Amino acid sequence: MLDKNGIAKRIAKEVKQGMYVNLGIGIPTLVANYIPAGMDVVLQSENGLLGIGPFPFDGDEDPDLINAGKQTITTVPGSSFFDSAMSFGMIRAGKVDLTILGAMEVSETGDIANWKIPGKMVKGMGGAMDLVASARNIIVAMQHVNKAGESKLLPQCELPLTGIRCVKKIVTELAVLDVLPEGGFRLLERAPGISTEQIRNATKGKLIVEGEIPEMVL
Amino acid sequence: MNKVVHSADEAIHDIPDNAVLGLGGFGLCGIPENSISALIRKGTKGLTCISNNAGVDDFGIGLMLQTRQVKKMISSYVGENAEFERQLLSGELEVSLIPQGTLATRLLAAGYGMPAIFTPAGVGTEVAEGKEVRRFNDKDYLLEMAFDIDFSIVKAWKGDTHGNLIFRKTSRNFNPLIAMAGKITIAEVEELVPAGELDPDHIHLPGIYVHRIFKGSGYEKRIEQRTIRPRQ
């Protein structure tokens with residue numbers, strides 16, 4: 001079973017030379033730590049920055065330079081700043097190659113719920129609805145089951161939706177799965193030490209298992 | 001063309017109760033600190049505030065929530081604010097949550113003289129309820145209306161007496177968009193220079209969108225999530 005860093009490490013293998021990538025808050029942010037040195041990848045922050053650098057050294061924080069999670073950050077050579085309309089313009093126009101974000105639930109048709117739990121505090125969707133409606137490729141990083149042990153990979157989402165038919169791939173602590181256009185989670189890889197049966201038991205939506213499923217190589 | 005006013009109090013003096021305001025900033029980054037303080041001094045009530053976020057309990061728009069000056073917030077994300085949550089649950093505060101890109105583009109539309117936009121954000125979700133859906137090239141889009149803002153209040157890094165503005169790093173965010181969308185736009189700047197001193201090629205927002213400008217003071221620029229790495 002993978003920990004959060006393991007999930008991030010596996011997702012980093014989906015990031016390719018020359019990509020523009022938007023990383024969501026939480027596990028997706030950790031993906032940046034596992035992008036190989038020397039690979040040319042530009043990270044987008046939807047508050048108006050292309051080219052997110054590492055966190056600043058103590059004393060170098062700049063209140064005018066933050067990421068979408070409101071954390072202090074730095075720039076890298078080649079960075080650029082822009083306003084929020086242009087930021088979502090480039091997202092909407094499909095210029096951002098890959099979006100990686102967290103989810104509370106994903107359905108077998110690729111619907112995603114990640115912004116609201118009715119009855120609890122509603123904080124708002126931020127940029128999530130814009131990202132999932134427009135991104136060319138969306139990978140979800142999440143736990144396979146919630147804290148109550150219930151599957152988060154469902155026939156249909158039960159929580160209010162963020163977007164429909166948009167998730168292409170899911171990486172959890174147990175598995176890597178594709179979401180098929182005709183519906184269904186196709187099992188691609190098992191986490192180290194995890195059996196197909198364990199994944200089947202943790203997946204409430206339609207799971208498609210074809211042939212021998214390899215173990216992840218991290 | 002001289003748009004200089006001498007204080008935040010003068011800049012906001014005619015904002016009436018129940019006005020619709022647009023306020024620039026993302027989180028606490030690039031917020032008009034001086035104008036918010038002036039609005040609190042003036043005690044303007046019943047405000048509708050269009051702003052990506054609602055500040056924190058003791059800073060930014062959160063200060064105007066403490067003084068019960070805000071009737072309605074139109075935002076994309078309003079976490080990190082306990083007083084906001086309390087007023088929302090008790091029904092004192094009305095809140096409209098809209099996707100961040102939709103917020104930005106409805107402001108852009110207002111500044112570009114377009115009545116509405118089509119965006120795919122929110123299709124198939126509760127955001128789409130009651131909205132016209134149009135299909136273009138096999139994809140569904142929602143019709144979203146341009147904002148109508150009485151007074152816009154923004155923060156820039158540098159400005160000149162004609163109201164031309166330059167923003168700094170990610171504090172640009174919603175500021176130029178909010179500025180473009182206001183019937184009356186107020187800009188507060190860290191550095192105010194005579195027209196001609198800013199390179200025209202470096203202006204982010206032309207002064208035609210700005211009606212009043214003043215040099216702010218005492219910027220706190222509070223950091224919401226101070227995140228650092230150790231020095232090797």
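Going by the structure above, here's the rest.
In what follows, the accompanying structure is described. Because the structure is a prediction, the values reported are computed rather than measured. (Residues numbered from 1 in each chain as written. Chains lettered and ligands numbered in written order. Predicted model: local features only at pLDDT ≥ 70, side-chain atom pairs only at ≥ 80, totals over all residues. Heavy atoms only, no water.)

1. Here's the deal with the side chain of Gln69(B)
Residues and elements named next belong to chain B.
Step number 1: On the secondary structure map, Gln69 appears in the loop between helix H3 (61-66) and strand E3 (70-75).
Step number 2: For Gln69, the side chain forms a polar contact with the main-chain oxygen of Leu39, separated by 2.8 Å.
Step number 3: With residues near it in sequence (within four places) discarded, Gln69 still touches Leu39, Ile40, Gly43, Thr44, Lys45, Gly46, Leu47 and Met64. (Helix = DSSP H or I, 4+ residues; strand = E, 2+ residues; numbered from the N terminus. Polar contact = N/O pair within 3.5 Å; in protein donor to acceptor, adjacent residues only side chain to side chain. Contact = heavy atoms within 4.5 Å.)

2. Quick notes on the pairing of strand E11 (residues 175-179) of chain A
Residues and elements named next belong to chain A.
Step number 1: Among the 5 residues that make up E11, 5 are buried, leaving the element largely enclosed by the rest of the structure.
Step number 2: On E11, burial covers both faces: Ala175, Leu177 and Val179 on one face and Val176 and Asp178 on the other are all buried.
Step number 3: Relative to E11, strand E10 (residues 169-171) is paired through 3 bridges, and the arrangement is antiparallel. By the bridge assignment, Lys169 is partnered in E11 with Asp178.
Step number 4: Between the end of E10 and the start of E11, which pair antiparallel, lie 3 residues.
Step number 5: Two elements, E11 and strand E12 (residues 185-190), share 5 bridges in a ladder whose sense is antiparallel. In the sheet register, Ala175 faces E12, and the bridge partner there is Arg190. (Buried < 20%, exposed > 50% of the residue type's maximum accessible area, 1.4 Å probe, protein only. Pairing = 2+ DSSP bridges.)

3. Structural notes on the layout of surface pockets
Residue and element names in this part refer to chain A.
Step number 1: Taken as a whole, the largest pocket holds about 1500 Å³ of empty space.
Step number 2: Together, 49 residues line the largest pocket, and Ile25, Gly102, Ala103, Met104 and Asn114 are the ones closest to its centre.
Step number 3: Listing elements by their share of the lining of the largest pocket, those giving two or more residues are helix H2 (27-30), strand E5 (98-102) and helix H4 (128-134).
Step number 4: Of the residues in the lining of the largest pocket, the class split is 21 nonpolar, 15 polar and 13 charged.
Step number 5: Lining the second largest pocket are 34 residues; nearest its centre among them are Thr29, Ala32, Leu43, Ile52 and Gly53.
Step number 6: Elements that contribute at least two residues to the lining of the second largest pocket include exactly H2, strand E2 (42-45), strand E3 (49-52) and strand E4 (75-81). (1 Å grid on protein atoms, 1.4 Å probe; cavity = no way out; pocket = protein on both sides within 12 Å on 5 of 7 lines; lining within 4 Å. Points joined across faces, edges and corners; volume = space filled by probe spheres on them. Nonpolar A, V, L, I, M, F, W, Y, C, P; charged D, E, K, R; others polar.)

4. A look at the interface of chain B and chain A
Step number 1: Across the boundary between the two partners, chain B contributes 52 residues, which contact 47 residues of chain A.
Step number 2: Approximately 4300 Å² of surface area, both sides summed, lies buried where chain B meets chain A, with 60% of it carried by carbon and sulfur atoms.
Step number 3: Considering only the surface of chain B that becomes buried against chain A, Thr170(B), Thr227(B) and Arg229(B) emerge as the three largest contributors, covering 15% of it.
Step number 4: Across the chain B-chain A interface, the total number found is 7 salt bridges. (Buried area = accessible area lost by both parts, 1.4 Å probe. Salt bridge = Lys/Arg side-chain N within 4 Å of Asp/Glu carboxyl O.)

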